[in-house]
Amino acid sequence: MADNLPSEFDVIVIGTGLPESIIAAACSRSGQRVLHVDSRSYYGGNWASFSFSGLLSWLKEYQENSDIVNESPAWQEQILENEEAIALSRKDKTIQHVEVFCYASQDLHEDVEEAGALQKNHAAVTSANSTEAADSACLPTEDESLSTASCERPAEQTPSSDAESALEVNDAEATGEKENHCDDKTCVPSTSEEETGENVPTVEDTAEQPKKNRITYAQIIKEGRRFNIDLVSKLLYSRGLLIDLLIKSNVSRYAEFKNITRILAFREGRVEQVPCSRADVFNSKQLTMVEKRMLMKFLTFCMEYEEHPDEYKAYEEITFSEYLKTQKLTPNLQYFVLHSIAMTSETASSTIDGLKATKNFLHCLGRYGNTPFLFPLYGQGELPQCFCRMCAVFGGIYCLRHSVQCLVVDKESRKCKAIIDQFGQRIISKHFLVEDSYFSENTCSHVQYRQISRAVLITDRSVLKTDSDQQISILTVPAEEPGTFAVRVIELCSSTMTCMKGTYLVHLTCTSSKTAREDLEPVVQKLFTPYTETEIENEEVEKPRLLWALYFNMRDSSDISRSSYNDLPSNVYVCSGPDCSLGSDNAVKQAETLFHQICPNEDFCPPPPNPEDIILDGDSVQPEASESSAIPEANSETPRESANLGNPEEPSE
């Protein structure tokens, strides 16, 4: 396909991160001819999710700093006299300071192989040098093409007539049937190919073993395809921009979600659960009756604070932390509101910002569960793929492992007119969207980037043990020293389809002040203890055991002014990578802003047409529809699929 690409498009999108994928879907939906390319072998860029072996392959790729494709030296010859080229970078420099630690027993043998993997994993793994399955078998590119010519996967999805019910949310307690029947779901992502037949008994056997049995590195490798490890750790606010967009565009039919089951706080060396809903407050044993009344009164005020300006106007110039001290709240309640509900710190936000954050938190409560947050099954990496599917359904063409050598700029008009790809093909377009990491150092020489510190941990139990082992939690650990930042901890259980049974996947995130390990290791040491042979016999370990850890710094290219980039033509638009915030509102806002610059009078991601309303040329027979837009074919639903989407478990407004 790569050698025979059409020579002209309306929009060319370079990079498959979340903002780029949303824009590609919106442009394709509005009738633009879209080419979406990525030099990587997987969808999502820094928004991607990997299996365990896929993650180690990704790490190896970064450590070797190898190019994904070979450069074609002939592209310079294609630049004419009245043209100039903006060369694009062939090396992704957004990840730095990678450190990997394995604490689980590493008594591996040569025959250890990931269940369902395409090739054997060599098992001498102690650092980021690990040699794993180089093809990243978990990734969708091997088995799923999203080109115009073959849109089978998007076409099989079932449209839902009710916008609110289109978002399927599962109770985090229900775990077993999800893993056993995930191949029956319409919304099953491409990374779930392992969930078939022969592997299921293996997982069941693992789940039935006593919990005190040690988990070895060999088990993690063998069950590696049970992991879906996100490069960026985020949640979805149930009334946030991304959820609204998923519902409005009906892209939600391609995904499933879990409720975050609890909000936690770390105080005085202990992890405790934060009561946030009305029921939680009155059922809490941590709060006295007086505190419960205080908290409910304050939260009620926050919901309608804008109607009572006299209550807070005098405090606008001080921090939210200082403002809370003026309210009738105990130190216990002040801590909960500041760190676990407003999710800010003593110095980070003003009174108004804190009240807005608290109102937003409360506004999202109850839509899909007893917390404001949702998490997509199989990880955040599914969301860019969902929008890519929508783009493909409406005619977008996709090319992974397809690098772009340069942008071709007309000297007279100062407009970009084409790209030249790795094969030397010149492809003309009107608009070009480029993810920040693709620009060379010459283009970004004046850009000042922030950094995000990230850690990914595999542990053997939850940070706060309860009767259920299927809890999905978010915890904020406040900064202790000036100049450092609060650390956000998201703990995922196996029912999120992101880790194997008997383990938890823990993501830590904060704004960088040093390297990721220096920023995050103190928090890791507070919450976890390394997995050592001497402690295996001790069943009553105070903290969860740490089996494996990864630290890395990721570039934060959000909120960078377009003028910071050198000599960009007006029809070249920059998409940023992930930011450090908990939600994805920045990506949606960015996508909508850029879309309206490209298509000023078009609706942003409108709902797809009802297949029954589409009138085809000649007689309206559905088999003829697949060549046009593939939308009519999407109506070929089965009773099994429609049952999933037609019976949402969440209460709707």
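Residues numbered from 1 in each chain as written. Predicted model: local features only at pLDDT ≥ 70, side-chain atom pairs only at ≥ 80, totals over all residues. Heavy atoms only, no water.

Caption draft 1: Structural context of the overall build of the protein. Scanning the protein for helices and strands turns up 16 helices and 24 strands. Counting over 653 residues, the protein shows a buried share of 60%. Counting only contacts in the protein whose residues sit at least 6 apart along the sequence, the fraction spanning at least 24 positions is 76%. Here the protein has roughly 26,600 Å² of accessible surface; of this, 46% comes from carbon and sulfur atoms. (Helix = DSSP H or I, 4+ residues; strand = E, 2+ residues; numbered from the N terminus. Buried < 20%, exposed > 50% of the residue type's maximum accessible area, 1.4 Å probe, protein only. Contact = heavy atoms within 4.5 Å. Areas by Shrake-Rupley, 256 points an atom, 1.4 Å probe, with all protein chains shown as cover.)

Caption draft 2: Structural view of the sheet that holds strand β1 (residues 11–14). Spatially, the five strands line up as an open sheet ordered β13-β2-β1-β17-β24, and their pairing is parallel. The sheet is open, and its two borders are formed by β13 (397–400) and β24 (572–575), each paired with just one other strand. The sheet shows a mean angle of 15° between the axes of neighbouring strands, taken without regard to direction. When β1 meets strand β17 (residues 431–435), the two strands line up parallel, connected through four bridges. Bridge assignment links I14 to a residue of β17, and that residue is V434. Packing against the sheet, helix α15 (residues 585–598) makes contact with β1, β17 and β24, and its axis sits at approximately 170° to β24. (Pairing = 2+ DSSP bridges. Axes fitted to C-alpha atoms, helices over the stretch in contact; angles between N-to-C directions.)

Caption draft 3: Inspection of the layout of surface pockets at higher detail. The calculated volume of the largest pocket comes to roughly 1,500 Å³. For the largest pocket, the lining is made up of 46 residues, of which A342, M343, T344, S581 and L582 are closest to its centre. (1 Å grid on protein atoms, 1.4 Å probe; cavity = no way out; pocket = protein on both sides within 12 Å on 5 of 7 lines; lining within 4 Å. Points joined across faces, edges and corners; volume = space filled by probe spheres on them.)

Caption draft 4: Expanded view of the sheet that holds strand β14 (residues 404–410). Spatially, the four strands line up as an open sheet ordered β4-β14-β15-β16, and their pairing is antiparallel. Strands at the two margins of the open sheet, each flanked by one partner only, are β4 (83–87) and β16 (426–428). Pairwise comparison of adjacent strand axes, ignoring direction, gives a mean angle of 30° for this sheet. Of the pairings in the sheet, the one linking strand β15 (residues 416–421) to β16 comprises three bridges and is antiparallel in character. Its bridge partner lying in β16, I419 is registered against I427.

Caption draft 5: How the structure looks around the side chain of D92. With respect to the secondary-structure elements, D92 resides in the loop between β4 and β5 (95–102). Here R40 takes part through its side chain, which lies 2.7 Å from a polar atom of the side chain of D92. Engagement of the side chain of D92 in a polar contact is seen with the side chain of Y62, the distance being 2.8 Å. Setting aside anything within four residues of it in sequence, one finds D92 in contact with R40, N46, Y62 and S437. (Polar contact = N/O pair within 3.5 Å; in protein donor to acceptor, adjacent residues only side chain to side chain.)

Caption draft 6: View of the pairing of strand β18 (residues 450–459). Judged by how many residues are buried, β18 sits mostly within the fold: eight of ten residues are covered. Where β18 lies against strand β23 (residues 545–556), ten bridges are found, and the strand directions are antiparallel. Counterpart to V456 in the pairing with β23 is L550. Where β18 lies against strand β21 (residues 504–511), eight bridges are found, and the strand directions are antiparallel. Within β21, the residue paired with I452 across the bridge is T511.

Caption draft 7: Summary view of the packing of helix α9 (residues 289–303) against helix α12 (residues 351–364). The contact between α9 and α12 brings their axes to 8 Å, and the two run at 100°. As the angle between them shows, α9 and α12 are arranged roughly perpendicular. For the pair α9 and α12, the contacting residues are L299, F301, C302 and M303 in the first and L355, T358, K359, L362 and H363 in the second. Taken together, the residues that form the contact of α9 with α12 break down as six nonpolar, two polar and one charged. (Parallel < 35°, antiparallel > 145°, perpendicular 65-115°, else oblique. Nonpolar A, V, L, I, M, F, W, Y, C, P; charged D, E, K, R; others polar.)

Caption draft 8: Geometry of the nonpolar core. In terms of nonpolar packing, the biggest core is built from 76 residues, with F52, L55, W58, F298, F320, F373 and W548 touching the most fellow members. Within the second largest apolar cluster, 48 residues are counted, among which are V13, L246, C386 and L400. (Core = buried A, V, L, I, M, F, W, Y, C linked by side-chain atoms within 4.5 Å.)

Caption draft 9: How the structure looks around the packing of aromatic side chains. Overall, the coordinates contain 18 aromatic pairs when judged by the stated rule. The interplanar angle of 70° and the centroid separation of 5.9 Å between the aromatic rings of F52 and Y217 together place this pair among those described as edge-to-face. Here the residue F52 occupies a position in helix α2 (residues 52–64), and Y217 occupies one in helix α6 (residues 217–222), the gap between them amounting to 165 residues. Overall, Y217 belongs to the buried group, its relative accessible area being 0%. An angle of 20° between the planes, with centres 6.5 Å apart, marks the rings of F101 and Y103 as stacked. Relative accessible area serves as the criterion here: at 24%, Y103 is assigned to the partly exposed category. These aromatic residues form a ring-pair network of at least three members: Y42, F50, W58, Y62 and F552. Note that R267 overlies the ring of Y335, its terminal NZ or CZ placed 5.3 Å from the centroid. Over the ring of Y449 we find R555, and its NZ or CZ is 4.1 Å from the ring centre. (Phe/Tyr/Trp six-rings, centres within 6.5 Å; stacked < 30°, edge-to-face > 60°. Lys NZ or Arg CZ within 6 Å of the ring centre and 35° of its normal.)

Caption draft 10: Inspection of the pattern of salt bridges at higher detail. Counted by the stated rule, this structure contains 26 salt bridges. Here R40 and D92 are joined by a salt bridge, their closest N and O atoms 2.7 Å apart. Of this pair, R40 sits in the loop between β2 (34–38) and β3 (49–50) while D92 sits in the loop between β4 and β5, and the two are 52 residues apart along the sequence. In terms of burial, R40 and D92 fall into one category: buried. Connected through salt bridges with shared partners, the residues D38, R40, D92 and E435 form a single ionic network. (Salt bridge = Lys/Arg side-chain N within 4 Å of Asp/Glu carboxyl O.)

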